[in-house]
Amino acid sequence: MEAEALETLADSLNGTFTRAIGLLAGVTGRVVVSGMGKSGHIARKIAATMASTGTPALFVHPGEASHGDLGMITRQDAVIALSNSGETAELSDIIAYTRRFGITLIGITRRATSPLAEQSDVALVLPAAPEACPLGLAPTTSTTMMLALGDAIAIALMERRGFSAADFREMHPGGQLGRALLKVTDVMHAGEAMPLCREDTPFSEVILEMTAKRLGCVGVVGEDGRLSGIITDGDLRRHLDPDLLAQQARVIMSAGPKTIRPKALVAEALRIMNEKSITTLFVVDADTNSGRPLGIVHIHDCLRVGAA
């Protein structure tokens, strides 16, 4: 029954939905979502989804609103009020408040002739559908439709604002979502932490740089600042020779080291290191094509943030 109701809801979307999105997209403040009982639980979820997808939002309990929390709603905000009947008494003060101060009100209700629908700037009316409850009383089908409609609003606003994966990462720094969207710039060693030397640097100084930075390698840059090679601790062992310390870095280095762009995900860096059987990647400025090293990422950095 709920699945059928969702199909009917999808078919019923029209210009009214588009008008609601237009109003919400123009809000300079926040979207305040409110509802009572089961509708209130749905309202909380809608507010959370909006907040995590680029639309600043919060839930205000209608009962608490009547006892001071109306002060959480400003004239720059918009209100989405949820009520299946459209006659929820606890919403009356919020509705009156929006009308008094000219605050945009979007109503989500089943009854087009209800007080909520009549007072709303835009009323999103749910299609008639019986509750899945065998008594036809417990909010089931109605709350499912409210939830789906709230998700549709949040995603439409997300697309309208051009909310990107990078923005999503900023909103979800914790958990699997955050780890999956980490960029190499989030974990790389930059500035003085980068092990670097010039092509003409004596190998005695290269060893000191490699030892001090403790990443098992040193990047070699030319006079133009471009990354021209890399010297690893493996190179050091392969070139053990009485005259090694007198050699310059350009003699020992491996030219054309593997690099990665700054905007690449940590997961991509880990894949490259696994495929090439290496433990470090220099992050190189790709936007300006300067070839200058911006940082270095070690395989341990990728594993530490859970990119594996």
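What you see is a predicted model; the values in this text were computed from it and never measured. (Residues numbered from 1 in each chain as written. Predicted model: local features only at pLDDT ≥ 70, side-chain atom pairs only at ≥ 80, totals over all residues. Heavy atoms only, no water.)

**Q** Talk me through the pairing of strand S8 (residues 227-232); I want residue IDs and the actual numbers.
**A** For S8, a buried count of five out of six residues is recorded, marking the element as mostly surrounded by other parts of the structure. Bridge count for strand S7 (residues 217-221) against S8 is five bridges, and the pairing is antiparallel. When the bridges of S8 are listed, Val-220 appears paired with Gly-229. Hairpin connection, S7 to S8: the antiparallel pair is bridged by five residues, and Gly-225 has positive phi, about 85 degrees. Direction of pairing for S8 relative to strand S9 (residues 254-255): antiparallel, over a ladder of two bridges. Residue Ile-230 lies in a different strand from S9, and its bridge partner there is Ser-254. (Buried < 20%, exposed > 50% of the residue type's maximum accessible area, 1.4 Å probe, protein only. Helix = DSSP H or I, 4+ residues; strand = E, 2+ residues; numbered from the N terminus. Pairing = 2+ DSSP bridges.)

**Q** Break down the side chain of Thr-55 for me, with residues and values.
**A** In this structure, Thr-55 sits in the loop between helix H3 (38-51) and strand S2 (57-59). In this structure the side chain of Thr-55 is engaged in a polar contact, spanning 2.6 Å, whose partner is the side chain of Arg-161. Beyond its immediate sequence surroundings of up to four residues, Thr-55 is in contact with Val-31, Met-50, Leu-157 and Arg-161. (Polar contact = N/O pair within 3.5 Å; in protein donor to acceptor, adjacent residues only side chain to side chain. Contact = heavy atoms within 4.5 Å.)

**Q** Could you give me a rundown of unusual backbone geometry, with the residues and numbers involved?
**A** Residues other than glycine seldom take positive phi values, yet Arg-214 does so here, at roughly 60 degrees. Secondary-structure assignment places Arg-214 in the loop between helix H11 (203-213) and S7. Of note in this structure, Ser-277 is not a glycine but carries a positive phi near 55 degrees. Within the secondary structure, Ser-277 sits in the loop between helix H14 (266-276) and strand S11 (280-284). Given a relative accessible area of 68%, Ser-277 falls into the exposed group.

**Q** Break down H11 for me, with residues and values.
**A** All buried positions along H11 are accounted for by Phe-203, Val-206, Glu-209 and Met-210. Across the axial projection of H11, the buried residues extend over an arc of 110 degrees, all falling on one side. Across H11 from its buried face, at more than 90 degrees, point the exposed residues Leu-208, Thr-211 and Ala-212. Where H11 is buried, its residues meet strand S6 (196-198), S7, S8, helix H12 (233-238) and helix H13 (249-252). Phi turns positive, to about 60 degrees, at Arg-214, one or two residues after H11. (Arc of directions from axis to C-beta.)

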